[in-house]
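Examining the three-dimensional arrangement
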Amino acid sequence: MTQLIQTIVLGLLLGGVYALLASGLTLIFGVMDVINVAQGALIILAAFMTWAMWSETGLDPLLGVLVVTPAMFLIGFGIYMATVRWIQGKPPSTSVILTFGLALVIEGVMGMVWTATLHRSTPSYFDESFRIGDIYLRKGQVYGCAIAVGVLAILYVILRVTWLGRAIRAVSANMSSARLVGVNPSTVAALTFAVGVATAGAGGSIASVLYPFLPASHYQWISRLLGIIVLGGMGSLPGAIVGALLLGVAETMTQIYISPQWATMVPWAVILIVLLVRPQGLMGQKLREDVAL
Amino acid sequence: MRRIVWLLALLPVLLALVLAAGCGGDDDDEGDGGGADTTATDGGGEASGDPIRIGASLPLTGDFAEPGEAARRGYEVWMEMVNDSGGLLGRPVEMVIKDDQSDQNLVVTDYNALIDQDQVDLLLGTFSSLLNIPASAVAERAQMVYVEPAGGSPDMFNRGFEYLFFAQQATAPHQADLFSEWVGGLPEGEKPATAAYIAADDPFGAPVAEGIQEQLEAAGVETVYSEIYPPETVNFDAIASDIAAQKPDVIAQGSAGLQDGVNLITALSAAGYSPKQMFQASTPSFADQYSDAIGVENTEGIFYAVSYHVDAPTPGNPEFLEAYRAKFNEDPPEDAADGYAAAQVLQAAVEAVGSIDDQAALKDWLHENSVETILGELSWDETGAPEQAFLLAQWQNGDEEIVLPEEAATSDTIVNPKPPWSGG
């Protein structure tokens, strides 16, 4: 019984971290129809920046979030202005190719600056756990989940309360009508992209504590994140959270009760099953193709 | 129109970025192009005539970028030392090194290109069993001697190849022989009762764990956990909690590289379970990268097997160390030493035969003779598998020490049992 509870706890904690990493990806898709394959590389970039600050100044990676997130916002804005805005309105597949190219460029730049060696922030708590009876909770993951809750709350407030949020929702609902009421879709898209990339800043900071990383580590993240947002419904923030938690639990349950050998297959199996059974995902809106019918 | 102007303005910037990405990870003195990288030397010594061209493809980018780069450095140091002392058969040596991006398909393309287009005179191997398995098949078909620095999977040597030679001391199933013997020989009371085995689904990692399991079971140690995981596994928390629940005395991990080994240690530490003896394949040999990633206090007492140690009293090692330190300003990692040793093996065969024209004569000589390398003396059976034994190493006080065999030991104690993790 303890083992079962421990497995679920491990899965939920893992899922919380996944939710943090997936939120920006789903936000960018929901508003812009852009599948940002470079999100994984941007997370690793944020991890490197966090690590560099931690190793140079001893700044705790959790505080590093406060520095790295605004920096990633600016980087996101720059990337949008330099590249993504040229393909706005083109089919999403165009964005896959563009952002994959971006991911490779970011990987190359990271390799040049930090070399292709393994890095990790190791503050004192990196391998410690909180204990409740026989159950343990890895501190890094608990903090990661707390940051996830914070980031998701801020995103919720931005989307529901601010002018930007209303504009984002307006653009995502109907771009031409939004333009009629004075919303400039390209400004909104630039800010959305920047906010989405900023979440990679928060995610990358905590990821730098949890798992060691190299420039090429982004591949292992992007596959999971795509699985999560397909499961949750592409573009749906609550869907991404539910999808992340489900995937986290599915992964740990598979590792313990079936075999570790099958665990890395879980995200891919999820994508396949969801696409066959419920293409819009758990909480996604109807597919555009359905609406057109 | 304005758009087009902008695009044109942006093009050089993008181009520069892409070019920069092409030579990522290269911060040493050798200039690098994108794909093939021909490093001619400025001679020295008395080497003259047409250079002897030696081709290799290495994983300079991708998953094995780290060891691939180390192997490249080993090859280059060897080339410079040979050229400084008069060349090979009096001719200068030139290495043609391609980047296979850690890709099994690309490595095949690369070796075909080295043989057919670049028409190199000799070949050296790539890094890892995963890449050497397909690459060695290309060399075998072309009937060219293929000495590889890292790739001890049994799958390398069960194909009846004649031109393949592995330039380390033993194959994967025998990597941990000294560890298994030592554990099995512990006095009653200290001898472990149970063990857990966790191995990457990797042609090298899995046989290492299987080899230990076989030998420890024969010594009466009960197996309480034995699982295989995909090498790309990142999250080991559930695996560690499962292992911890079995409370094994020994944990042996057949890790595929650095990351999977590091992630298991951190997960075990978070789970608060420390075994009495812990063995990992290859991971602990990554020196500072390993101790930085798991925390240096967590390294204490962890066993692993190595082919090379900087203080090894082997012939030629002081000269290699001097040249390597002068060029790269650091101690050579094991993978660089293995690359150097592979090149030494090829050199010995060429010098003994006295010609590079007859590859069959080179392989016949290697099958019949042994070669002195910086890893010690190496000899091969008819499959190209080496017949010696690895050194057993252990992390002690933040340093890597050789503990067995006694004649090669750099420390006279063995830390046993392993102290608890820092986070536990």
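Here we come to the overall build of chain B. On a plain count of helices and strands, chain B comes out with twelve helices and 15 strands. Sequence separation of at least 24 residues holds for 73% of the intrachain contacts in chain B that already meet a minimum separation of 6.

The subject of this paragraph is the packing of helix α3 (residues 61–82) of chain A against helix α8 (residues 185–210) of chain A. For any two helices packed against each other, the geometry comes down to the angle between their axes and how far apart the axes lie. Residues and elements named next belong to chain A. Where α3 meets α8, the closest approach of the two axes is 7 Å, and the angle between their N-to-C directions is 145 degrees. Here the hand of the crossing between α3 and α8 comes out right-handed. Partitioned by chemical class, the residues of the contact of α3 with α8 number 21 nonpolar, eight polar and no charged.

On to the interface of chain A and chain B, then. Facing the 38 residues of chain A at the interface are 44 residues of chain B. Every element with two or more residues in the side of chain A that touches chain B is listed here: α1 (2–32), α4 (92–114), β2 (135–138), α10 (237–258) and α11 (260–263) of chain A. With seven residues, the top contributor of residues to the side of chain A that touches chain B is α4 of chain A. Here the side of chain A that touches chain B is built from residues that sort into 17 nonpolar, 15 polar and six charged.

Residues and elements named next belong to chain A. The first and last C-alpha atoms of helix α9 (residues 218–232) sit 21 Å apart over 15 residues, in line with the 21 Å expected at 1.5 Å per residue. Among the 15 residues of α9, twelve are classified as buried, and the element is accordingly described as predominantly covered. What α9 keeps buried is the set His 218, Trp 221, Ile 222, Arg 224, Leu 225, Leu 226, Gly 227, Ile 228, Ile 229, Val 230, Leu 231 and Gly 232. Those residues of α9 hidden inside the fold are in contact with α1, α2 (39–57), α4, α10 and α12 (266–277).

Another aspect to go through is the pairing of strand β2 (residues 52–58) of chain B. All names here are of chain B. Most of β2 is tucked away: seven of the seven residues are buried. Where burial is concerned, the two faces of β2 agree: the one with Ile 52, Ile 54, Ala 56 and Leu 58 and the one with Arg 53, Gly 55 and Ser 57 are both buried. Relative to strand β3 (residues 93–99), β2 is paired through seven bridges, and the arrangement is parallel. When the bridges of β3 are listed, Ser 57 appears paired with Lys 98.

Right, let's talk about the nonpolar core for a bit. Membership of the largest hydrophobic core comes to 230 residues, with the highest contact counts inside it found for Ala 22, Leu 42, Val 197 and Ile 229 of chain A together with Leu 123, Val 345 and Leu 346 of chain B. Ranked by the residues each element gives to this core, the list is headed by α1 of chain A, at 16 residues. Domain assignment of the residues forming this core places at least three in each of domain 2 (35–169 + 313–378) and domain 3 (173–306 + 390–408) of chain B. With residues near it in sequence (within four places) discarded, Ala 22 of chain A still touches Leu 225, Ile 228, Ile 229, Ala 240 and Ala 244 of chain A.

Low-pLDDT portions of the prediction should not be read for the details of their coordinates. Residues and elements named next belong to chain A. For chain A, the mean per-residue pLDDT works out to 88, and 97% of the residues sit at or above 70. The secondary-structure element of chain A with the lowest mean pLDDT is helix α13 (residues 288–292), recorded at 39, while α2 shows the highest, at 95. Counting contacts from residues 288–293, a segment whose pLDDT is below 50, to residues more than four positions away or on other chains yields one contact.

Let us now look at the environment of Ile 271 of chain A. Residue and element names in this part refer to chain A. Assignment of secondary structure puts Ile 271 in helix α12. Look at Ile 271 and you get partly exposed, because 17 C-beta atoms sit within 10 Å. For Ile 271 and Ile 228, which are 43 residues apart along the polypeptide, the C-alpha to C-alpha distance reads 8.2 Å. The contact partners of Ile 271, leaving out residues within four places of it in the chain, are Leu 226, Gly 227 and Val 230.

Let's shift gears to helix α5 (residues 139–161) of chain A. Residue and element names in this part refer to chain A. Its 23 residues give α5 an end-to-end C-alpha distance of 32 Å, which sits within 8% of 33 Å, the value for a rise of 1.5 Å per residue. Gly 140, Gln 141, Tyr 143, Gly 144, Cys 145, Ile 147, Ala 148, Val 151 and Leu 159 are the residues of α5 that are buried. Close packing links the buried residues of α5 with α1, α3, β2, α6 (163–173) and α8.

All names here are of chain B. The peptide bond linking Leu 404 to Pro 405 adopts the cis configuration, its omega dihedral lying at -5 degrees. Structurally, Pro 405 is set in the segment after β15 (399–404). A cis amide bond, omega -5 degrees, links Asn 416 with the succeeding residue Pro 417. Looking at the element boundaries, Pro 417 is found in the segment after β15.

Glancing now at the packing of α2 of chain A against α3 of chain A. Residues and elements named next belong to chain A. Taken N-terminus to C-terminus, the directions of α2 and α3 make an angle of 130 degrees; their axes are 9 Å apart at the nearest point. In terms of axis orientation, α2 runs oblique to α3. Here α2 and α3 pass one another in a crossing that is right-handed. From α2, Leu 42, Ala 46, Met 49, Thr 50, Met 53 and Trp 54 reach across to α3, where they touch Pro 61, Gly 64, Val 67, Val 68, Ala 71 and Met 72. The class makeup of the residues in the contact of α2 with α3 is ten nonpolar, two polar and no charged.

Residue and element names in this part refer to chain B. The buried count for strand β7 (residues 194–200) comes to six of seven residues, which makes it a mostly enclosed element. Relative to strand β8 (residues 222–229), β7 runs parallel, the two being bridged by seven bridges. Each residue of the ladder has a partner; that of Ala 195, found in β8, is Thr 223. Considered for its hand, the β-α-β crossover made up of β7, helix α6 (residues 205–218) and β8 is right-handed. Direction of pairing for β7 relative to strand β9 (residues 250–254): parallel, over a ladder of five bridges. Within β9, the residue paired with Ala 199 across the bridge is Gly 254.

Cut-offs applied
- Residues numbered from 1 in each chain as written.
- Chains lettered and ligands numbered in written order.
- Predicted model: local features only at pLDDT ≥ 70, side-chain atom pairs only at ≥ 80, totals over all residues.
- Helix = DSSP H or I, 4+ residues; strand = E, 2+ residues; numbered from the N terminus.
- Contact = placed C-beta atoms within 7 Å.
- Axes fitted to C-alpha atoms, helices over the stretch in contact; angles between N-to-C directions.
- Left-handed = near helix turned anticlockwise from the far one by under 90°.
- Nonpolar A, V, L, I, M, F, W, Y, C, P; charged D, E, K, R; others polar.
- Expected span 1.5 Å × (residues − 1).
- Buried ≥ 20, exposed ≤ 12 C-beta atoms within 10 Å, placed from the backbone.
- Pairing = 2+ DSSP bridges.
- Core = buried A, V, L, I, M, F, W, Y, C linked by C-beta atoms within 7 Å.
- Domains from an automatic or database assignment.
- pLDDT = per-residue confidence, 0-100.
- Parallel < 35°, antiparallel > 145°, perpendicular 65-115°, else oblique.
- Right-handed = clockwise from strand over helix to strand, strands pointing away.

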